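Observations on the model geometry
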Amino acid sequence: MKKIPLSRVFLNDEVRNAAIRALESGSYILAKECEAFEAELADYTGTKHAVLCSSCTAGVFMLHQAMGVKPGDEILVPSHTAFPSIEPMIHCGAKPVFIDIDETYCLDVDLLETSITPRTVGILPVHLYGHPANLDRVFEIAQKHGLWIVEDCAQAHGARFKDKRVGSLGVAGAFSFFPSKNLSVLGDGGCITTNDTALADHLRMLRNHGRKTKYVHELVGYNLRFNEIQAAIGRVGLRKLDELNAQRRRIAA
Ligand SMILES: *Cc1c(COP(=O)(O)O)cnc(C)c1O
């Protein structure tokens, strides 16, 4: 029996040449290709900053740390999502509070308010299978209760909510470049998009041992960096993203 793969990575000569160019550049971590990929991702999503990191989960973990998520906090999250959506919460001691989904497979906004308690700090809508969650209502409720919104965009590169790209609507958006995603690299990778400059600076320090400059460590951080070869590959994929998304839709239809 011939099996049809769920997804295939995008691999052509342009990708191969980009990888070779990075191999021969002499710089391998957070250098020119990463800077260019970050600028292009920010431009594409319509945000001020994109911060590359080792995976989507790593990015959300750093975000929770930067936003001060602490033990006892509660975060609203759809019950139908990928397991990594909730791992960063648990590592911070916070409690995922599951919200059932609606017919779009995203969180059912009518069930949000009844799950809010004095311990609730934020909402993590997941744009599952590329479909944006109903953010208008999510925003209304978040605003009313003083909650933050972080968008899980791991499966939604290029999706729009009304006239805006996902990842540009909440405090931040988190993308994955795992090989099964719409925009993938040939390894692991992720990025956080945000309009908050202080938050982006904080994430840039956290991903790189708390470094402000080469020998000045202002925070106790991590090594959750991204690398040049994957950034060079991702840049080619980003230029193809709209075309590949259109092709997915055609095939699905
Ligand atoms: C893939 C995925 C993640 C995790 O992404 P990684 O890059 O593997 O950490 C998180 N949320 C959703 C919805 C995903 O599909």
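For the structure given in this document, a descriptive report is provided here. Remember, predicted model here, so these are calculated numbers, not experimental data.

**Section: the site of the ligand**
Near the ligand, the surroundings consist of 14 residues, among which Thr57, Asp152, Gln155, Ser176 and Lys181 are the closest. Separating an oxygen atom of the ligand from a side-chain N or O atom of Thr57 is a distance of 2.5 Å. Burial of the ligand by the protein amounts to 89% of the accessible area it has alone, namely 390 Å². When grouped by side-chain class, the residues that make up the shell around the ligand number five nonpolar, seven polar and two charged.

**Quick look at the side chain of Lys181**
Take Lys181: it is sitting in the loop between β8 (172-176) and β9 (190-194). For the buried Lys181, no salt bridge exists, and the shortest N-O distance to an oppositely charged side chain is 7.1 Å, to Asp152. Discounting residues that sit within four places of it in the chain, Lys181 has contacts with Ala154, Gln155, His157, Ser176 and Arg248.

**Some remarks on the sheet that holds strand β2 (residues 74-78)**
Pairing is mixed in the open sheet, where seven strands are placed in the order β1-β9-β8-β5-β4-β2-β3. Either end of the sheet is taken by a strand with one partner, and the two such strands are β1 (49-53) and β3 (95-99). Strand after strand, the sheet turns through a mean of 25° between neighbouring axes, direction not considered. Judged from the four bridges that link them, β8 and β9 form a sheet pairing that is antiparallel.

**Considerations on helix α1 (residues 13-23)**
Those residues of α1 that fall on the buried side of the exposure criterion are Val15, Ala18, Ala19 and Ala22. Projected onto a plane normal to the axis of α1, the buried residues spread over an arc of 100° and lie on a single side. Two or three places before Glu14, at the opening of α1, Asn12 has a side-chain oxygen 3.1 Å from that residue's backbone nitrogen.

**Some remarks on the packing of aromatic side chains**
Enumeration over the complete set of coordinates arrives at four aromatic pairs. Summarising the aromatic geometry, the rings of Phe61 and Tyr222 are spaced 5.3 Å apart at their centres and angled 70° between planes, so their arrangement reads as edge-to-face. With Phe61 in helix α3 (residues 56-66) and Tyr222 in the loop between β11 (216-217) and α7 (228-252), this residue pair connects regions lying 161 residues apart in the sequence. Look at Phe61 and you get buried, because its relative accessible area is 16%.

**Points about α3**
With nine of 11 residues buried, α3 is to be regarded as a mostly interior element. Cys56, Ala58, Gly59, Val60, Phe61, Met62, Leu63, His64 and Ala66 are the residues of α3 that are buried. At the C-terminal side of α3, Gly68 shows a positive phi close to 80°.

**A short note on the state of the cysteines**
This structure, assessed with the given rule, holds zero disulfides. Free cysteine Cys92: the closest other cysteine sulfur is in Cys53, separated by 14 Å. Distance from the sulfur of Cys106, which forms no disulfide, to the nearest cysteine sulfur (Cys153) is 11 Å.

**Focus: the pattern of salt bridges**
In the structure shown here, the tally under the stated rule is 14 salt bridges. Close ionic contact of Glu40 with Arg235 constitutes a salt bridge, the shortest N to O distance being 2.8 Å. Of the two residues, Glu40 is situated in helix α2 (residues 32-45) and Arg235 in helix α7; the sequence distance between them amounts to 195 residues. The exposure class assigned to Arg235 is buried, which follows from its relative accessible area of 18%. The shortest N-O distance in the salt bridge between Lys70 and Asp73 comes to 3.0 Å. The partly exposed category is assigned to Lys70, whose relative accessible area is 46%. Within this structure, Arg21, Glu33, Glu40 and Arg235 form a network of salt bridges that share partners.

**Here's the deal with the pairing of β8**
Extensive coverage of β8 is indicated by the burial of five of its five residues. Neither face of β8 is open: one carries Ala172, Ala174 and Ser176, the other Gly173 and Phe175, and all of them are buried. Examined bridge by bridge, strand β5 (residues 148-152) and β8 share three bridges and lie parallel to one another. Bridged to Glu151 within β8 is Gly173.

**Let's talk about the side chain of Asn245**
For Asn245, the location among the structural elements is in helix α7. With a relative accessible area of 9%, Asn245 lands in the buried category. Those residues within four positions of Asn245 in sequence are excluded, and the remaining contacts are His157, Gly158 and Asn182.

Calculation notes
- Residues numbered from 1 in each chain as written.
- Predicted model: local features only at pLDDT ≥ 70, side-chain atom pairs only at ≥ 80, totals over all residues.
- Heavy atoms only, no water.
- Near = heavy atom within 4 Å.
- Polar contact = N/O pair within 3.5 Å; in protein donor to acceptor, adjacent residues only side chain to side chain.
- Areas by Shrake-Rupley, 256 points an atom, 1.4 Å probe, with all protein chains shown as cover.
- Nonpolar A, V, L, I, M, F, W, Y, C, P; charged D, E, K, R; others polar.
- Helix = DSSP H or I, 4+ residues; strand = E, 2+ residues; numbered from the N terminus.
- Buried < 20%, exposed > 50% of the residue type's maximum accessible area, 1.4 Å probe, protein only.
- Lys, Arg positive; Asp, Glu negative; His and termini not counted.
- Salt bridge = Lys/Arg side-chain N within 4 Å of Asp/Glu carboxyl O.
- Contact = heavy atoms within 4.5 Å.
- Pairing = 2+ DSSP bridges.
- Axes fitted to C-alpha atoms, helices over the stretch in contact; angles between N-to-C directions.
- Arc of directions from axis to C-beta.
- Phe/Tyr/Trp six-rings, centres within 6.5 Å; stacked < 30°, edge-to-face > 60°.
- Disulfide = S-S within 2.5 Å.

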